[in-house]
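Topology and contacts: notes
These are the residues of each chain, in order.
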Amino acid sequence: MDLFNLADGHENTAAALAKIQCPVLVLGSQTDILFPIWQQKQLAEELIQAGNPNVTFFELNSIFGHDTFLLDVNGVSTALKGFLEISALSIEEEIHPQA
């Protein structure tokens, strides 16, 4: 994870993020020290600034740190369910716009 550079093959990070136009869920845990919540917020903000209007940020309040995604099944599944429902509604509105 320390060797990954999103900007590889692109002019900069913003250019790389601008290519992502699908709905995105950025899900972070307050106690994650490997991927701190401030980095998750920054990623969500940079995706929006790069032109993606379909970014959802969700912050989990969990004691499990980076393992939250493995151990907090209720919190993660609730966030994911909400994101998928909102995304499905957005897609439905694009396909069948209200007159």
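Above: the structure in question.
My aim in this report is to walk through the structure given alongside it, one point at a time. (Residues numbered from 1 in each chain as written. Predicted model: local features only at pLDDT ≥ 70, side-chain atom pairs only at ≥ 80, totals over all residues. Heavy atoms only, no water.)

1. A look at the pattern of salt bridges
- In total, this model carries 2 salt bridges according to the counting rule given.
- The closest approach of N and O atoms between Lys41 and Glu59, which form a salt bridge, is 3.6 Å. Here Glu59 lies in strand β2 (residues 55–60) and Lys41 lies in helix α2 (residues 37–49), a separation of 18 residues in the sequence.
- Residue classification places Glu59 among the partly exposed residues on the basis of a relative accessible area of 29%.
- Residues Glu85 and Lys81 are paired through a salt bridge, measuring 2.6 Å at the closest nitrogen-oxygen approach. Note that Glu85 and Lys81 are positioned in helix α4 (residues 73–95) at a spacing of 4 residues, about one turn of the helix. (Salt bridge = Lys/Arg side-chain N within 4 Å of Asp/Glu carboxyl O. Helix = DSSP H or I, 4+ residues; strand = E, 2+ residues; numbered from the N terminus. Buried < 20%, exposed > 50% of the residue type's maximum accessible area, 1.4 Å probe, protein only.)

2. Here we look at the pairing of β2
- Where strand β1 (residues 24–29) and β2 come together, 6 bridges link them in parallel fashion. Opposite Val26, over in β2, you have Phe57 as the bridge partner.
- Once the chain exits β1 it traverses α2 before rejoining the sheet at β2, and the crossover so formed is right-handed. (Pairing = 2+ DSSP bridges. Right-handed = clockwise from strand over helix to strand, strands pointing away.)

3. With respect to the nonpolar core
- Formed by Leu17, Val24, Val26, Ala44, Leu47 and Val55, the largest nonpolar core amounts to 6 residues.
- For this core, the secondary structure elements donating two or more residues are β1 and α2.
- Those residues within four positions of Val24 in sequence are excluded, and the remaining contacts are Leu47, Asn52, Asn54, Val55, Thr56 and Phe83. (Core = buried A, V, L, I, M, F, W, Y, C linked by side-chain atoms within 4.5 Å. Contact = heavy atoms within 4.5 Å.)

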